[in-house]
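What the coordinates show
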Amino acid sequence: MESKLQEFTQSWVVHGSPFNTSYKIVHSQFIILAADETQYSASGCSIDSSVRVLKELGQVLGLELLDRNQVAFWVNGGVMLVPLHAMKHKFQEGTLNEDTLAFNNLVQTKKDLDENWLVPAGQTWLKRYIQNPLAKVKSVS
């Protein structure tokens, strides 16, 4: 995996021009691809090539590296993957709550990665799975 990612980042191009890029594997769960866009912005073809490499790696490893049906949380010092179909249940049973740190995979800059990659679930799109305690209260008439 390391050699394939290194080979890819060293040869990643935008419109035929070399692109200053790197990668990092974090928590044995995340592959972070980074590109310096000060000279060139990643385009459709260059983004497609990164997706193609990740799909190829996934096939070799027998993994789905681009699985959007799971969400990653930081729980008890490690990464917990939760399938979307189980999300509501995990919040209802208390395994997850609004303060549980979720990995925000929508970050687009190094600064965002450093400052906003781990955020409380209640501050993300996941809040729709968190039951509102006030909804349980029945009005007494």
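Keep in mind that this is a model prediction, so the values were computed, not measured.

1. Things to note about unusual backbone geometry
Not every positive phi belongs to a glycine, and His 27 is a case in point at roughly 55°. The partly exposed category is assigned to His 27, whose relative accessible area is 39%. Phi is positive for Asn 76, which is not a glycine, with a value near 50°. Positionally, Asn 76 belongs in the loop between strand 5 (70-75) and strand 6 (78-83). Looking at Asn 76, the relative accessible area reads 81%, which means it is exposed.

2. So, the environment of Leu 81
With respect to the helices and strands, the residue Leu 81 is situated in strand 6. Spatially, the C-alpha atom of Leu 81 lies 9.8 Å from that of Asn 69, the residues being twelve residues apart in sequence. Beyond its immediate sequence surroundings of up to four residues, Leu 81 is in contact with Gln 29, Gln 70, Val 71 and Ala 72.

3. Regarding the pattern of salt bridges
Counted by the stated rule, this structure contains three salt bridges. Between Glu 56 and Lys 4 there is a salt bridge whose closest N-O contact spans 3.4 Å. Here Lys 4 lies in helix 1 (residues 2-11) and Glu 56 lies in helix 2 (residues 44-61), a separation of 52 residues in the sequence. Among the ionic pairs, Asp 114 bridges to Lys 110, the shortest N-O distance being 2.9 Å. Highlighted residues: Asp 114 and Lys 110, both in helix 4 (residues 110-116), separated by four residues, approximately one helical turn.

4. Comments concerning the pairing of strand 6
Where strand 5 lies against strand 6, six bridges are found, and the strand directions are antiparallel. By the bridge assignment, Trp 74 is partnered in strand 6 with Val 79. Between strand 5 and strand 6, which follow one another and run antiparallel, lie two residues, and Asn 76 among them has a positive phi close to 50°.

5. Considering the side chain of Thr 100
With respect to the helices and strands, Thr 100 occurs in the loop between helix 3 (87-92) and strand 7 (101-103). Looking at Thr 100, the relative accessible area reads 10%, which means it is buried.

6. Examining the nonpolar core
Across soluble globular proteins, nonpolar side chains show a tendency to be buried alongside one another. Listed in full, the eleven residues of the largest apolar core are Val 71, Phe 73, Val 75, Val 82, Ala 86, Met 87, Phe 91, Leu 96, Ala 102, Ala 121 and Leu 126. Within the residue set of this core, elements represented by two or more residues are strand 5 and helix 3. The residues touching Ala 102, leaving out its near neighbours within four places in the chain, are Ala 72, Phe 73, Trp 117, Leu 118, Val 119, Ala 121 and Leu 126. Counting eight residues, the second-largest nonpolar core is a separate cluster that includes Leu 5, Val 14, Phe 19 and Val 53.

7. Focus: the packing of helix 1 against helix 2
Following both chains from N to C, one finds helix 1 and helix 2 inclined at 165°, their axes separated by 11 Å at the closest point. Here helix 2 runs roughly antiparallel to helix 1, going by the angle between their axes. Handedness of the crossing formed by helix 1 with helix 2: right-handed. Contacts between helix 1 and helix 2 involve Lys 4, Leu 5 and Phe 8 from the former and Ser 49, Ser 50, Val 53, Leu 54, Glu 56 and Leu 57 from the latter.

Reading guide: rules and limits
- Residues numbered from 1 in each chain as written.
- Predicted model: local features only at pLDDT ≥ 70, side-chain atom pairs only at ≥ 80, totals over all residues.
- Heavy atoms only, no water.
- Buried < 20%, exposed > 50% of the residue type's maximum accessible area, 1.4 Å probe, protein only.
- Helix = DSSP H or I, 4+ residues; strand = E, 2+ residues; numbered from the N terminus.
- Contact = heavy atoms within 4.5 Å.
- Salt bridge = Lys/Arg side-chain N within 4 Å of Asp/Glu carboxyl O.
- Pairing = 2+ DSSP bridges.
- Core = buried A, V, L, I, M, F, W, Y, C linked by side-chain atoms within 4.5 Å.
- Axes fitted to C-alpha atoms, helices over the stretch in contact; angles between N-to-C directions.
- Parallel < 35°, antiparallel > 145°, perpendicular 65-115°, else oblique.
- Left-handed = near helix turned anticlockwise from the far one by under 90°.

By themselves these figures say nothing about function.
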